[in-house]
Structure formats: C-alpha cells, structure tokens
Amino acid sequence: MSLWQAIWYFVSEALRGMRRSWGASTVAIFAISISLFVGAFFVLVTGNLGREVDRFRDRLRINVYLNVDASDADVAGLVELLEQPSWVRTVDVVTPEQGRDRLRQTFPEAFRLLGEGEEVIDLPPVAEIGIDPGNPPQASELAALMEEAAALPVVELIDDDREWLGRLVAVVTVVRLLGLSLGAGLLVAATFTIASVVRLTAFIYREEIDVLRLVGATEFFVRGPLYATGLVQGLFGGVLALATLGGCHAVIASRSAETFWAPLVFAEFLGWRTQLLIIVLGASAGLFGAVVSVRREPPGTTS
Amino acid sequence: MIRCFNVRKTYPRGQVALDDVSLEIERGELAFLTGSSGAGKSTLLKLIYREELPSDGQIIVNGRNVATLPLSKVPYLRRSIGIVFQNFRLIARKTVLENVCYLPRILGASMKEQRDLAEQALADVGLADRSDAFPLELSGGEQQRVALARALISKPELLIADEPTGNLDAELSREIVELLVKAQGQGTTVLVATHDLQTIERHGGHVLRLEKGRLVEDTQVAAPGAVADEARE
Ligand SMILES: Nc1ncnc2c1ncn2[C@@H]1O[C@H](COP(=O)(O)OP(=O)(O)O)[C@@H](O)[C@H]1O
Ligand SMILES: [Mg+2]
C-alpha cells in the first residue's frame, strides 16, 4: 500500500470513527478550539497594541530645554553632543523667537490679550531630537545620552515620553504573556481531552484492531487511524478557533468608529503565518494527544 | 512446517501452561491438538502465531524462529497464517464482505481485487450469496464459515483453528471440519485444537494430545475410509 493510499485510508477511517462517537469528538474539537481561541485572541489584541506603541515610538521626540541665558556656543556644544549617535536623525534647535512664533500661532487669542508685552514670555531655547525609526536606540543607549546631556550646566530640563511608553510596553508584554500562558494551559488540557477521546475510539474499535493485528496489519497501519483521529480533531479545532476569532474581528472592526479602543486592539487581523501556526499547533496537539494515548496500549492483545 | 523444541510456557502469575513440549508438524499435514480444558492447547497455538512468547525453548514456524522474531516482523508471520477461533471474532457492524477483506485491504489491493478475492473465498466456503449480509444475520455455522473465508482469503501456508466447532452443534461442526479438510487438500497445513474425538476418528491425521501442559501422545491416526479402502484392495 502506498503512503498516499495509507493516509487516505487513515483519514477516512478517522472521519468514520468521529462520526460514530461524534459527541466525544465534538467535545475534543471544542476543547482545542477554545484554547487556541484564547491564545490567538491575546496575540491579536497585544499585536495591535504593540503596533500602536511602535507607531508612537517612531514619532517620539525628546526635548532638551536649555537655560534661558544659554549662549549660541552652549547651544552648538549641545547639538554636537546630541548628533553623535547614529540613531539620532535630526536635532532641531528652536530659538526663543521661533518658540514665541509657534506659541503665537497656537494660541493667537492669548497673545492678543498680552498685547505688546511679548517680551514678558521668556522662552528658553529647545533642542528637539528626532529619532531614526529605522534604527531605534536601545533603552540603555538613550538613557546614556540623556544622562550626558543632563550633566551639561546649560541643560535645564529634559522632557521625553520614554517613561510612560516603557510602562505601556511592559503592560502589553505582561498581557501577552498572561494570554499565551492561559492559552498554553488550556492547550495542555485540550491535548489530554483528545488523548481521552482517542483512547475511547481505540476502545470502541478494539475488536477491529484485534482482527487487524491477527491478519497481519503492521502497527503503523493499526495506529494510523487513531493518530489521524487526533490530528483531524486538532485541525478542526484550529480552524474553528480562527473562524470564530475572524468573526469576532469582523463584527468589532465594522463598529470600530463607535469606540475608541476597537481601532487600538482590533485594527488588523492575524497575519497568515500566525494563522497557519495556530492550525499547525492544533493539529500537533491533537496528534501528540493521540500518540500519548495509543502508546500505553501494548501491541498484540488479540487474546 | 512447525517444530517445537523443549517449549515451556509459564504465565506471569506462575501457572505452567506448557512443560517441555517438543513436536513436529509436516508441511501439508492435518494435525489435531487435543486434551482436556486447561491442558495448554490455546497456549501452544498462541506461541505459534506469536501472540505469546515461550518462557523457554524454540519454535520454528515456516522457517521463522518465532521465539526470537522481532515485534516488527510479527505482521509478516501472521500474513502467512490463517487463524479462526471458537467465537468467530467477526466485526458486527461490517458486512460479510468487509469482514473477509481485511488482509487484502491492508496489503493495498484495489476495491475490485478485494471484492474478487472475497467473493472467491466466500464461494469456497459456500456463502457466495451472503456478501452483503451482516454477521449477526447469519447462523453460527455460517459465521464460522465467514471467519474461515477471512483466514483462507490469501491461501495461507498454515491454518490454525482453536476449537472452531466449540460453539456449533454436531451437524454444523461436520461442515466446518469438511472445510478444514478441503483447505488441507489444497495444500494448506492445518492445525486444529479440539476435544471432539469423533472428528479425529472420522478423518484421521496427526494427533497430538496435551495433558496438564505435557505432550502425552503424538501419533498418526489413519482415516477409517483409508482402512476400508485398504481392506477392499
Ligand atoms: N493469559 C493467561 N494468563 C494466565 N494464565 C493463563 C492464561 N492463558 C491460559 N492460562 C492458563 O494456562 C493453562 C492452559 O490454558 P489454555 O492454553 O487456555 O488451555 P486449553 O486451551 O487447552 O484449554 C491453564 O491453566 C490456564 O489457566
Ligand atoms: Mg483453549
């Protein structure tokens, strides 16, 4: 018998067996799909959140405020220091005059109220650092530069978004880890469910298995349908999980205009690699459950 | 065909099923294994088709030493042996045809080849018209004939029958024995465990008698017909 013939035979026997004990098979498929759904849900949500964070990180600017009385030489010295790292794309110096123009544009009403007393607003020069999104710095590199800058006597204050951004990244990571471990735990449970169902299938078919061994079927042939049962259940579970998640995503995405959070966490669906991974994970878990359950049965139990 | 050398079998909890059994069954023989219940008949058969391993001694079946045969080779041994049991061991939810087809199917025969082989095997046991029936729709005698068709479908070199008539009345038993004899006539070595002494007397053959795990008789019994034929000459 060729390999393809054998695989065809295994799968058709597996489907026949699943139809026969459809209740147990349904439980197994649901168990595996729930675990994969949970894992995939967290991957989807945290993936989108992570992308959002990255996008923000790209636009991240760091402002270094100098003393109000900083000289041009001081400013030039600071710019020279800030321009050194390769990940710094731009250093824009905003002079007090430019700063005042910006303020005027942003708050024209306030300026009109202040009237001629423009000089009252004493703005410091600011060096705005733009980071190269294609070559972002390590957190430690960034911190080192900021420390060096802060040590300069002309630097008054450094304002950057790193701190809360770092916190956000940590939260996303924790949420993802929690979701993945929850999914992994459920997957282990689902694997055992499949193992039990396959064992039940082997029990239902024990007489036929005995006959197969009696007439000289190899163990590969005897166990193939049982392995295929686990594999097919895992596969169905994976597809069901993806389909459910896809449905949820479509529904929420269609109403994303109504909520502020939906675009953050449901902007994009999982990439095809992740989808494939989920299905492969389901199939492997099912196959593993089947192998574990069949391994316990010693061959040659014809008597 | 079968040679046993000082075979001993002790089951895990210490029951001695076979004790120092040596015997030889020639190719093409009709051999009867007799003895009261518990004498060790089924155990000896299980050793021959490698369902159990001997605790001691050697067993050569069709040139293979089954005592040392690796587990992975057991299927190939089994394919050269047809086996039937007292309780038929048919699969109730499969048709007669499907029950008979197991061996050709695992060997990868096409559906048509399977059907042709199975129908021939069923015709050989007189059940040509029952292929689509289910086992439980058949009488006990017919079920045993289906089991025989399954065992004989690929013309095995050895046919092993463990009390094949134990569940059948005298008339049906005779039919089954006729089929065993017919298989022997076509070149298959036949080994039957039975305590039906009438059968042996009627057909003659190689008689091996076990008693409490020991071989106590090993004789060739001539068929009465043969004796009558000789007398007539
Ligand atoms: N699987 C087994 N485990 C333990 N003891 C067994 C087993 N099979 C048979 N025996 C014992 O071995 C002896 C021979 O049994 P068996 O070969 O079945 O005899 P027979 O077929 O002649 O009736 C008996 O004492 C029986 O109890
Ligand atoms: Mg017995």
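Remember, it's a predicted structure, so these values are computed and weren't measured experimentally.

**Remarks on the overall build of chain B**
Then, in step 1: Broken down by element type, chain B carries nine helices and ten strands.
Then, in step 2: For 233 residues, the compact-globule estimate of 2.2 N^0.38 gives 17 Å, and chain B sits close to it at 18 Å.
Then, in step 3: The C-alpha extent of chain B, read off along each of the three principal axes, is 55 × 45 × 30 Å.
Then, in step 4: Counting across all 233 residues of chain B, residues that qualify as buried make up 52%.
Then, in step 5: Split by element, the accessible area of chain B, about 10,600 Å² in all, is 49% carbon and sulfur.
Then, in step 6: Here chain B holds 29 positive side-chain charges and 32 negative ones, and the gap between their average locations is 8 Å.

**So, the interface of chain B and chain A**
Then, in step 1: Chain B puts 21 residues into the contact, and the matching count from chain A is 23 residues.
Then, in step 2: Together, Glu51, Arg93 and Ile106 of chain B form the three largest contributors to the area buried by chain B at its contact with chain A, with a combined 28%.
Then, in step 3: At the surface where chain B touches chain A, the tally comes to two salt bridges.
Then, in step 4: We note a salt bridge from arginine 93 of chain B to glutamate 208 of chain A, for which the minimum N-O separation is 2.7 Å.
Then, in step 5: Put simply, the parts of the chain that give the side of chain B that touches chain A at least two residues each are helix H2 (74-79), strand S6 (81-85) and helix H4 (102-106) of chain B.
Then, in step 6: Among the residues making up the side of chain B that touches chain A, the classes are represented as eleven nonpolar, one polar and nine charged.

**What about the site of ligand 1?**
Residue and element names in this part refer to chain B.
Then, in step 1: Taken together, the neighbourhood of ligand 1 is formed by Tyr11, Gln15, Ala17, Ser36, Ser37, Gly38, Ala39, Gly40, Lys41, Ser42 and Thr43.
Then, in step 2: Glutamine 15 places a side-chain nitrogen or oxygen 3.3 Å from a nitrogen atom of ligand 1.
Then, in step 3: Between alanine 39 and ligand 1, the recorded distance is 3.2 Å, taken from a backbone N or O atom to an oxygen atom.
Then, in step 4: Looking at the shell around ligand 1, the element that brings in the most residues is helix H1 (residues 41-48), giving three residues.
Then, in step 5: Of the residues that constitute the shell around ligand 1, the class distribution is three nonpolar, seven polar and one charged.

**Examining the sheet that holds strand S9 (residues 205-211) of chain B**
All names here are of chain B.
Then, in step 1: Strands sit in the order S6-S7-S8-S3-S9-S10 across an open sheet of six strands; the sheet is mixed. Each having just a single partner strand, S6 and strand S10 (214-221) make up the two edges of the open sheet. Strand-to-strand twist across the sheet, computed as the mean angle between neighbouring axes with direction ignored, equals 15 degrees.
Then, in step 2: Direction of pairing for S9 relative to S10: antiparallel, over a ladder of seven bridges. Its bridge partner being in S10, valine 207 is matched across the sheet by threonine 219.
Then, in step 3: Helix H7 (residues 170-185) rests against strand S3 (30-34), strand S7 (158-162) and strand S8 (189-193) of the sheet, and its axis sits at about 155 degrees to S8.

**A few points about a nonpolar patch on the surface**
Residue and element names in this part refer to chain A.
Then, in step 1: Taken together, the side chains of Leu3, Trp4, Ile7 and Phe220 define a hydrophobic patch exposed on the protein surface, amounting to about 490 Å² of accessible area.
Then, in step 2: If one sorts the elements of the nonpolar patch by residue count, helix H1 (residues 3-20) sits on top with three residues.
Then, in step 3: Within the secondary structure layout, tryptophan 4 lies in helix H1.
Then, in step 4: What makes tryptophan 4 exposed here is its relative accessible area of 68%.

**Regarding the pairing of S8 of chain B**
All names here are of chain B.
Then, in step 1: Summarising burial for S8: five of the five residues are buried, a large majority.
Then, in step 2: Side chains Thr189, Leu191 and Ala193 project from S8 onto one buried face, and the interleaved Val190 and Val192 project onto a second face that is buried too.
Then, in step 3: For the segment spanning S7, H7 and S8, crossover handedness is right-handed.

**Here we look at the sheet that holds strand S5 (residues 64-65) of chain B**
Then, in step 1: Spatially, the four strands line up as an open sheet ordered S2-S1-S4-S5 (chain B), and their pairing is antiparallel. In this open sheet, the two edge strands, each paired with only one partner strand, are strand S2 (16-25) and S5 of chain B.

**Considerations on the packing of aromatic side chains**
Then, in step 1: Counted under the stated rule, the structure contains eight aromatic pairs over all chains.
Then, in step 2: Ring centres of phenylalanine 10 of chain A and phenylalanine 221 of chain A lie 5.9 Å apart, and the angle between their planes is 70 degrees; on these two criteria the pair is classed as edge-to-face. Placement of the pair is phenylalanine 10 of chain A in helix H1 and phenylalanine 221 of chain A in helix H9 (residues 219-254), with a sequence separation of 211 residues.
Then, in step 3: Phenylalanine 10 of chain A gets classed as buried once you look at its relative accessible area, which sits at 7%.
Then, in step 4: The exposure class of phenylalanine 221 of chain A is buried, given its relative accessible area of 5%.
Then, in step 5: On the basis of an interplanar angle of 80 degrees and a centroid distance of 6.4 Å, the ring pair of tyrosine 49 of chain B and phenylalanine 85 of chain B is categorised as edge-to-face. In this pair, tyrosine 49 of chain B sits in the loop between H1 and strand S4 (56-61) while phenylalanine 85 of chain B sits in strand S6, placing the two residues 36 residues apart along the sequence.

Criteria and thresholds
- Residues numbered from 1 in each chain as written.
- Chains lettered and ligands numbered in written order.
- Predicted model: local features only at pLDDT ≥ 70, side-chain atom pairs only at ≥ 80, totals over all residues.
- Heavy atoms only, no water.
- Helix = DSSP H or I, 4+ residues; strand = E, 2+ residues; numbered from the N terminus.
- Rg over C-alpha atoms; globule rule 2.2 N^0.38 Å.
- Buried < 20%, exposed > 50% of the residue type's maximum accessible area, 1.4 Å probe, protein only.
- Areas by Shrake-Rupley, 256 points an atom, 1.4 Å probe, with all protein chains shown as cover.
- Lys, Arg positive; Asp, Glu negative; His and termini not counted.
- Charge placed at Lys NZ, Arg CZ, Asp CG, Glu CD.
- Contact = heavy atoms within 4.5 Å.
- Buried area = accessible area lost by both parts, 1.4 Å probe.
- Salt bridge = Lys/Arg side-chain N within 4 Å of Asp/Glu carboxyl O.
- Nonpolar A, V, L, I, M, F, W, Y, C, P; charged D, E, K, R; others polar.
- Near = heavy atom within 4 Å.
- Polar contact = N/O pair within 3.5 Å; in protein donor to acceptor, adjacent residues only side chain to side chain.
- Pairing = 2+ DSSP bridges.
- Axes fitted to C-alpha atoms, helices over the stretch in contact; angles between N-to-C directions.
- Patch = residues over 30% accessible without salt bridge, like charges linked within 9 Å, V, L, I, M, F, W, Y side chains within 5 Å.
- Right-handed = clockwise from strand over helix to strand, strands pointing away.
- Phe/Tyr/Trp six-rings, centres within 6.5 Å; stacked < 30°, edge-to-face > 60°.

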